[in-house]
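# Tertiary structure, described
Each chain is listed here by its residues.
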Amino acid sequence: MIAVRHKRDVPRVYAVVAHSAEAALAQLNGLTIDGMGIEVVGALSRDLTRRLGLKAGEMQLISTH
């Protein structure tokens, strides 16, 4: 799970299905703009990945606080 922060906005947390934390960061890094920070804040279990219906390379917004 990756948190994206933009200045004073509430962080957004995305579930990202990737082979590694570095790959997940790289996937979201391509979508960020200057002034945004991204960081790994957790890991996705296989069960949660299935419940969200995500496949490799996909991501989904799961929290905005």
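Structure: above.
Presented here is an overview of the structure given in this document. (Residues numbered from 1 in each chain as written. Predicted model: local features only at pLDDT ≥ 70, side-chain atom pairs only at ≥ 80, totals over all residues. Heavy atoms only, no water.)

## A few points about the pairing of strand 1 (residues 2–6)
- With three bridges connecting them, strand 1 and strand 2 (residues 12–16) associate as antiparallel partners. Within strand 2, the position partnered with Ile2 by the bridge is Tyr14.
- Linking strand 1 to strand 2, which pair antiparallel, is a turn of five residues; within it Lys7 sits at a positive phi near 45°.
- For strand 1 and strand 3 (residues 36–40), the ladder comprises five bridges, and the chain directions are antiparallel. Across the sheet, Val4 pairs through a bridge with Ile38, a residue of strand 3. (Pairing = 2+ DSSP bridges. Helix = DSSP H or I, 4+ residues; strand = E, 2+ residues; numbered from the N terminus.)

## Focus: the side chain of Thr49
- With respect to the helices and strands, the residue Thr49 is situated in helix 2 (residues 46–52).
- Every residue in contact with Thr49, bar those within four places of it in the chain, is listed here: Val17, Leu44 and Leu54. (Contact = heavy atoms within 4.5 Å.)

## Focus: the environment of Leu52
- As for its placement among the helices and strands, Leu52 is situated in helix 2.
- Of the residues examined, Leu52 reaches a relative accessible area of 25% and is grouped as partly exposed.
- Separated by 37 residues in sequence, Leu52 and Ala15 place their C-alpha atoms 8.8 Å apart.
- In this structure, Leu52 is in contact with Ala15, Gln60 and Ile62, ignoring residues within four places of it in sequence. (Buried < 20%, exposed > 50% of the residue type's maximum accessible area, 1.4 Å probe, protein only.)

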